Amino acid sequence: MYNSKVSFYNKIDEVSINISKLLIDKKLVSKEILLNIIDIYKSAKIEKNYENENFLTAYHSPITGDFEFFISRILYNYSLLLNLNWKIYLRKQKGKTVPDIRIEKNDKTIAIIEIKAKAGWIQPVFSIDRFNKDLSNFENGISNYNPQNSINDFRSQINKYAETYEIDKSKIYILLPTLKLVHRENYKKEIEDYENYFEKTSDLSKDNFILLSNNKDLDLSNPKNNELLASNKFENMILKLSE
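Computed from a predicted structure; not experimentally measured. (Residues numbered from 1 in each chain as written. Predicted model: local features only at pLDDT ≥ 70, side-chain atom pairs only at ≥ 80, totals over all residues. Heavy atoms only, no water.)

*Asks:* Describe the sheet that holds strand β3 (residues 108-115), and please don't skip the residues or the numbers.
*Replies:* Pairing is mixed across the open sheet formed by five strands, whose spatial order is β1-β2-β3-β4-β5. Each of the sheet's edge strands pairs with one partner strand only, and the pair in question is β1 (87-90) and β5 (209-211). Neighbour to neighbour, the strand axes of the sheet diverge by 20° on average, direction disregarded. On the sheet, helix α6 (residues 147-164) packs against β3 and β4 (172-176) and is oriented at approximately 135° with respect to β4. (Pairing = 2+ DSSP bridges. Helix = DSSP H or I, 4+ residues; strand = E, 2+ residues; numbered from the N terminus. Axes fitted to C-alpha atoms, helices over the stretch in contact; angles between N-to-C directions. Contact = heavy atoms within 4.5 Å.)

*Asks:* I'd like a rundown of the pattern of salt bridges, residues and numbers included.
*Replies:* Summed over the entire model, instances satisfying the criterion amount to twelve salt bridges. With a shortest N-O distance of 3.7 Å, D219 and K118 are connected by a salt bridge. Remark: K118 occurs in the loop between β3 and α4 (123-126) and D219 occurs in the loop between β5 and α8 (233-242); sequence separation between them is 101 residues. The partner of E195 in a salt bridge is K233, and the shortest N-O contact between them spans 2.0 Å. On the criterion of sequence distance, the pair formed by E195 in helix α7 (residues 191-202) and K233 in helix α8 is long-range, its members being 38 residues apart. Of the two residues, E195 and K233, both sit in the buried class. (Salt bridge = Lys/Arg side-chain N within 4 Å of Asp/Glu carboxyl O. Buried < 20%, exposed > 50% of the residue type's maximum accessible area, 1.4 Å probe, protein only.)

*Asks:* Go over the side chain of H183, please, and point to the residues and values.
*Replies:* Residue position: H183 is located in the loop between β4 and α7. Given the relative accessible area of 11%, H183 is considered buried. Here Y194 takes part through its side chain, which lies 2.7 Å from a polar atom of the side chain of H183. Setting aside chain neighbours within four positions, we find H183 in contact with K189, Y194, K216 and D217. (Polar contact = N/O pair within 3.5 Å; in protein donor to acceptor, adjacent residues only side chain to side chain.)

*Asks:* Tell me about the packing of aromatic side chains, and please be specific about residues and values.
*Replies:* With the rule as written, the count across this model stands at eight aromatic pairs. Taking the centre distance of 5.6 Å and the plane angle of 85° together, the rings of F8 and Y9 count as edge-to-face. The partly exposed category is assigned to F8, whose relative accessible area is 24%. Looking at Y9, the relative accessible area reads 22%, which means it is partly exposed. Arranged with centres 5.3 Å apart and planes meeting at 40°, the rings of F126 and F209 form a pair that is tilted. On the criterion of sequence distance, the pair formed by F126 in helix α4 and F209 in strand β5 is long-range, its members being 83 residues apart. In this pair, the class of F126 matches that of F209, namely buried. One aromatic cluster in this structure is built from F126, F154, F198 and F209. Of note, R102 hangs over the ring of Y89, and the distance from its end group to the ring centre comes to 4.1 Å. (Phe/Tyr/Trp six-rings, centres within 6.5 Å; stacked < 30°, edge-to-face > 60°. Lys NZ or Arg CZ within 6 Å of the ring centre and 35° of its normal.)

In C-alpha cells, the structure reads:
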C-alpha cells in the first residue's frame, strides 16, 4: 500500500515538472492543471470500481491534500528549474497559523496561497446572492448561521497571515479551481461580479483571486460539461512572483 501511494505522488510530481517546464516556456498551463484535478477526483472515487449488488458506496476521499501537494510541487519545480531559491512550506504551522502554501526566499515570506478545492462552506465570501439568502434565513430565525461570521473569520485569517509573516496583503492569494457550489443559474452573475464581490468581502484585490476556470458551472468531480474555459490567472500569479 505504501509503494502504491508513493507511485501516486510520484505521478503528481512528474506532472508538476512538466507543467513547470511549460510555464518557463511562457505557455498556458491552467487547462492542464484542471485536467489533472479531474484525474485526482477520479482517483478519489476508486471505491466505485468495487461496487456490485452487495457492495455500494457513495463516499470518496477528499482531494484537498492531493490538490495542495500538486500546486506546491508546481511551485517547487518551477523554482528549482529557474534557480529562484524559493522555499516551499506546505501546511507548516507558525504562530498558530497554517497557510496551505507559503513561499519563502532569503528567509522572507514572498507569498501565501490559500487553496480551496471547493468553496461550499464559505460561499458568502464569494457570492452576494448566497450571503443575502443566508442572512435572510438567519434574521428570520430559519437558521442560526450568520454569513457575516464567515466573512469576518475569512478576513481575520488573512490579517493573521499578514501579521505573522510580515507580508503585504497583495502577496496573499486565494486559489479556487471553479465556482462550483458558489454559482447558481438563478443568480444571474458573471465572473466579474464574483470577483468584485470577493474584493469587498476579503479586503484583497480581485487580482489575488486565482480562479482557474471561467466556466461558472464546471464541476471537476463530475465534468459532464467539458468546457474547461481555463483562465490565465495562475500564469499571471507565477509571473508576478518571479519578478
